[in-house]
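# Chain and residue survey
What follows is each chain in one-letter form.
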Amino acid sequence: MSKKILVTGAFGQIGSELVPALYKEYGKDNVVAMGHSNISSDSYGIVEKADAKDKDAVLQIIKKYDIGIIYHLVSLLSVIGEKDPKVTWDINVNGLKNILELGVEFGLQIFWPSSIAAFGPTTPRENTPQETILEPTTMYGVTKVTGENLCRYFNLKYNLDVRSVRYPGILSWKTPPSAGTTEYTIAMLYDGVQGRENTCWLSSETMLPMMYVDDAIKATIDIMKATSSEIKIRGSYNLAAISFTAGEWEKALRKNIPNLKVVYKPDERQKIADSWPKSIDDSRAREDWGWKHEYDLTKITRLMVENLRKAQL
Ligand code: VAH
C-alpha cells in the first residue's frame, strides 16, 4: 500500500490492540503509532511522540510519513470527563476538529470512535435505535454527540471520508482498567486473577452493552475497508455484541476463577451507567457494511482469564 496509517492514542485500551491488528493486515512499516504520555516500551514498530491537541505536530507526522488514513482514538472517558470537563472538551472535541481539518487539507480517510455514552436518560434504553434522542448527561457523552455532528458536517461540507462507530463497553485484558464506567468488568477480572476481593462500583443488576475487544477491532478495520457508498451514516453507527448485568459478569468470571470474591458498592458511576442503554439495535451496521460479532460471554471470560494469567506469569 502506498499511503501509511497513523493511529493516535495508539497506546490506550483500543489502540494497543488495533495497532498489532493493523500490522498484521497492512505490514508494520505502514503503520505509525502516535502516543504522548503512555508510550509502551515494548512497541516494535514506527512510534511518534506527539500531543494530539498540537495540530502542527500531527501535520508534520502526516507529511513525514505520507499518511493516507488516520485512526483518531485519543479521548478522555466518562469518569475522568466528570472530574475535568474542560480538559475533556479540549482533548475530545478540539483534538478531533484538528484531525478533521487535516483530513480535508490532505484528503485523508478518518476513523473516529463515538460511544454509547452519546445516549442519555431520555433515549429508549432497550434495543436503542440508530436514529434517536441524544441528550447525554456526561461531558464525555456531550463530546461524543458534538464529535458525531462534526464528522457529519465535515463529510457534508467537504466530502471528507470520515467513518465512526458508537463503541459499547469494550472488554480487554492487555491494559489495566482505565477511567471509564464499564471498566468495572476489567477491574473485576484483574482483582480476581490477582486474588484480591473486588469492589464493584455498579449494582449487580446494572445491565450494559459490551463487546470483546477483538470484535471491536474487527468492526474498526472493516468499516474502513467498506466502499464509501456503503457508508450511509456519517455521524456514527450503532455497534453491539452482547449485554449483561454486573452479576452475570461475576457469575461468568467465577466459572474460570472459582474463588472470585465481589462486593457491590455502587458509587457516582452508577448514575452514569443508569443514563446509558441496556441494549443496542445495530442493524444498520449489519446491513450497510456487513458487521457481525463473534464472541459470546462464555468465550470472552475464558479468553480474558487465560490470557491475563499467562501475561502475569
Ligand atoms: C466508559 N469504557 O465507560 C468507556 C465507554 C461506553 C463506555 O465509552 O467511559
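Model, not experiment: these values are computed from the prediction.

Reading the values: the criteria
- Residues numbered from 1 in each chain as written.
- Predicted model: local features only at pLDDT ≥ 70, side-chain atom pairs only at ≥ 80, totals over all residues.
- Heavy atoms only, no water.
- Domains from an automatic or database assignment.
- Contact = heavy atoms within 4.5 Å.
- Buried area = accessible area lost by both parts, 1.4 Å probe.
- Salt bridge = Lys/Arg side-chain N within 4 Å of Asp/Glu carboxyl O.
- Polar contact = N/O pair within 3.5 Å; in protein donor to acceptor, adjacent residues only side chain to side chain.
- Helix = DSSP H or I, 4+ residues; strand = E, 2+ residues; numbered from the N terminus.
- Nonpolar A, V, L, I, M, F, W, Y, C, P; charged D, E, K, R; others polar.
- Pairing = 2+ DSSP bridges.
- Axes fitted to C-alpha atoms, helices over the stretch in contact; angles between N-to-C directions.
- Buried < 20%, exposed > 50% of the residue type's maximum accessible area, 1.4 Å probe, protein only.
- Core = buried A, V, L, I, M, F, W, Y, C linked by side-chain atoms within 4.5 Å.
- Phe/Tyr/Trp six-rings, centres within 6.5 Å; stacked < 30°, edge-to-face > 60°.

### Examining the domain arrangement of the protein
Domain annotation for the protein reports domain 1 (4-169 + 212-238) and domain 2 (171-210 + 241-311). Measuring from the centre of the C-alpha atoms in domain 1 to the corresponding centre in domain 2 gives 22 Å. Contact with domain 1, which involves 40 residues of that partner, is made by 38 residues of domain 2. Counting the surface lost from both domain 1 and domain 2, the interface buries some 3,600 Å², and carbon and sulfur atoms represent 57% of this. In this structure, the connection of domain 1 to domain 2 is made through 1 salt bridge. One salt bridge in this structure joins E17 and K174, with 3.5 Å as the shortest N-O distance. At the surface where domain 1 touches domain 2, the tally comes to 17 residue pairs in polar contact (both at pLDDT 80 or more). Of all elements in the fold, only α1 (15-26), α3 (78-83), α7 (213-225) and β10 (237-238) reach the threshold of two or more residues within the side of domain 1 that touches domain 2. In terms of residues, the side of domain 1 that touches domain 2 owes the most to one element, α7, which gives 7 residues. For the side of domain 1 that touches domain 2, a count of residues per class yields 18 nonpolar, 12 polar and 10 charged.

### Notes on the sheet that holds β10
The 7 strands lie next to each other as β3-β2-β1-β4-β5-β6-β10, forming an open sheet whose pairing is parallel. The open sheet has two free edges, formed respectively by β3 (46-49) and β10, since each of these has just one partner strand. Inspection of the sheet shows strand β4 (residues 67-72) paired to strand β5 (residues 109-115) by 3 bridges, in the parallel sense. The partner of Y71 across the bridge, within β5, is F111. Its contacts with the sheet put α7 on β4, β5, β6 (161-167) and β10, and the angle it makes with β6 is roughly 155 degrees.

### A few points about the environment of N259
Along the chain, the position of N259 falls in the loop between α8 (246-254) and β12 (262-264). Assessed through its relative accessible area of 53%, N259 is described here as exposed. The spatial distance from the C-alpha of N259 to the C-alpha of D222 is 39 Å, given a sequence separation of 37 residues.

### Topic: the nonpolar core
Generally speaking, a soluble globular protein has its nonpolar side chains buried in company with each other. Formed by 75 residues in total, the largest nonpolar core has its most connected members in V7, Y71, Y184, L189, Y212, W249 and W289. With near-sequence residues (within four places) excluded, Y71 lies in contact with I5, L6, V7, T8, L18, L22, F111, T220, I221 and M224. L6, L108, F154 and V162 belong to the second largest nonpolar core, which has 27 residues in total.

### What about the side chain of S16?
Structurally, S16 can be placed in helix α1. There is a polar contact of 2.7 Å between the side chain of S16 and the backbone oxygen of G12. In this structure, S16 is in contact with A10, F11, K174 and T175, ignoring residues within four places of it in sequence.

### Points about the packing of aromatic side chains
All told, the structure shown has 9 aromatic pairs when counted by the stated rule. With a centroid separation of 6.0 Å and 80 degrees between ring planes, the pair formed by Y153 and F154 is classed as edge-to-face. What makes Y153 partly exposed here is its relative accessible area of 40%. On the basis of an interplanar angle of 15 degrees and a centroid distance of 5.2 Å, the ring pair of F244 and W249 is categorised as stacked. In this structure, F244 and W249 share a single accessibility class: buried.

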